[in-house]
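What follows is each chain in one-letter form.
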Amino acid sequence: NHGANNDCTELKLVKAEVENAGLHNYNNCDKSYKKDEDGLRKEIIRNGYRHLLVLTYGEYENMAQVVEEKLNHPTHIQYGSPLNYDEMLSIILYTSTDIGKDLRDTEMKQNYHKWKYLRNNIANAIYKLPSLRKNAFDGSGKLYHG
C-alpha cells in the first residue's frame, strides 16, 4: 500500500527530526512541557488553529471529547495508558489536521519555536511507545497512521 509506505516514511522523518533537535531524551522534553501546562493550547491558539479545539466532530462536541475517547480506548488502557492528554491531542492534531503540514513546513524553514509544545509532546509519545509497538500493531515494529 503506497499510503502506508508514505506514512511509515513520514514517521521515520519525524523521529529523525526529533533526534536531531535533541529531543530524544524524554526527561528533557518533560521539563519543557512542565514549564507551562497550558503551553500546547496557547500554542494552538497563537498559531491560528483555535477552531480545531472548539469545532464539533460528528458525534463529538469538541476535540476534548475525541481525546478523552482515545485515552479511554481499551487498547490504550491495555498498554498501561502510556500517553497523557496533551500527547494524545498532539498526535491527533498532527495526523488528522493541517497542523501536521504546518509543523513540517515551519521546521523545514528551521523554525523550531512555532510548534515547541506540539513537537515535544510528539517526541514524548514516540519514545513512550517503542516497546509497545511490536505487540500493539502488526508485529513488525512499524507504526502506521493516517
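How each quantity is defined
- All residue numbers here refer to positions counted from 1 along the written sequence of the relevant chain.
- Under the rules for a predicted model, residues below a pLDDT of 70 receive no local features and side-chain atom pairs below 80 are neither given nor counted, while totals for whole chains, interfaces and linings still include all residues.
- Side-chain descriptors were evaluated using all non-hydrogen atoms of the structure, hydrogens and water having been removed beforehand.
- Elements are defined by DSSP. Helices are runs of H or I of four residues or more, strands are runs of E of two residues or more, and each kind is numbered from the N terminus.
- Here a residue-residue contact requires only that any non-hydrogen atoms of the pair lie within 4.5 Å.
- We get accessible surface area from the Shrake-Rupley algorithm with a probe of 1.4 Å; when it comes to residues, only the shown protein chains can shield them.
- Under the pairing criterion, centres of Phe, Tyr and Trp rings, with the six-membered ring standing for Trp, must be within 6.5 Å; the plane angle then separates stacked pairs below 30 degrees from edge-to-face pairs above 60, leaving the rest tilted.
- The cut-offs for exposure are 20% and 50% of the maximum accessible area for each residue type, with area from a 1.4 Å probe on protein chains only; residues under the lower value are buried, those over the upper are exposed, and the others partly exposed.
- What we call a nonpolar core is a set of buried Ala, Val, Leu, Ile, Met, Phe, Trp, Tyr and Cys residues that are connected through their side-chain atoms within 4.5 Å.
- pLDDT expresses, on a scale from 0 to 100, how confident the predictor is about each individual residue.
- Note on method: axes are straight lines fitted to C-alpha atoms, helices fitted across the in-contact stretch only, with angles between N-to-C directions ranging 0 to 180 degrees.
- These descriptions rest on fixed angle ranges, namely under 35 degrees for roughly parallel, over 145 for roughly antiparallel, 65 to 115 for roughly perpendicular, and the rest for oblique.
- Polar here means any residue other than Ala, Val, Leu, Ile, Met, Phe, Trp, Tyr, Cys and Pro, which are nonpolar, and Asp, Glu, Lys and Arg, which are charged; Gly is therefore polar.

Teacher, can you tell me more about the overall build of the chain here?
Counting secondary structure elements, the chain contains 10 helices and zero strands. Listing the helices and strands of the chain from first to last along the sequence gives α-α-α-α-α-α-α-α-α-α. Long-range pairs, those at least 24 residues apart, make up 62% of the contacts in the chain between residues at least 6 apart in sequence. A total of about 8,500 Å² of accessible surface is found on the chain, and carbon and sulfur atoms cover 50% of it.

Any chance you could explain unusual backbone geometry here in plain terms?
Most of the time, phi is negative for any residue but glycine, and the peptide bond is trans. For S81, which is not glycine, the phi dihedral falls at a positive 50°. For Q110, which is not glycine, the phi dihedral falls at a positive 60°. Looking at the element boundaries, Q110 is found in the loop between helix 8 (99-108) and helix 9 (116-128).

What is the right way to look at the packing of aromatic side chains in this model?
Here the distance between the centres and the angle between the planes together describe a pair of aromatic rings. If you walk through the whole model with that rule in mind, you get one aromatic pair. Look at Y49 and W115: their rings are 5.8 Å apart centre to centre, the planes differ by 50°, and that puts the pair in the tilted class. With Y49 in the loop between helix 3 (39-46) and helix 4 (50-54) and W115 in the loop between helix 8 and helix 9, this residue pair connects regions lying 66 residues apart in the sequence. When its relative accessible area of 1% is taken as the criterion, W115 is described as buried.

So what exactly am I meant to see when it comes to the nonpolar core here?
In a soluble, globular protein the nonpolar side chains are often hidden away together inside. Counting 25 residues, the largest nonpolar core has I44 and L89 as the members making the most contacts within it. Residue assignment for this core shows that the elements contributing at least two residues are helix 3, helix 4, helix 5 (63-71), helix 7 (85-96), helix 8 and helix 9. Contact partners of L89, with chain neighbours within four places excluded, come to L40, R41, I44, L53, M63 and V67.

Please clarify how the confidence of the model for the chain should be interpreted in this entry.
The predicted coordinates ought not to be read in detail in places where the model reports low pLDDT. Predicted confidence across the chain gives a mean pLDDT of 75, with 62% of residues reaching 70 or more. Within the model, pLDDT remains below 50 along residues 21-35, and this stretch shows 23 contacts once partners closer than five positions in the same chain are excluded.

Got a minute to help me understand the environment of Y85 in this structure?
Inspection of the secondary structure puts Y85 in helix 7. Of the residues examined, Y85 reaches a relative accessible area of 25% and is grouped as partly exposed. With near-sequence residues (within four places) excluded, Y85 lies in contact with R41, A64, V67, E68 and L71.

I would appreciate a short explanation of the packing of helix 3 against helix 7 in the present structure.
Packed helices, taken two at a time, are described by the angle their axes make and the gap between the axes. At a minimum axis distance of 10 Å, the contact between helix 3 and helix 7 shows a crossing angle of 30°. Comparing the axis directions of helix 3 and helix 7 gives the class roughly parallel. For the pair formed by helix 3 and helix 7, the contact residues are L40, R41 and I44 on the first element and Y85, D86, L89, S90 and L93 on the second. In terms of residue class, the contact of helix 3 with helix 7 is built from five nonpolar, one polar and two charged.

Quick question: what am I supposed to make of the environment of H51 here?
By the secondary structure assignment, H51 is in helix 4. Placed 12 residues apart in sequence, H51 and M63 show a C-alpha to C-alpha distance of 9.7 Å.

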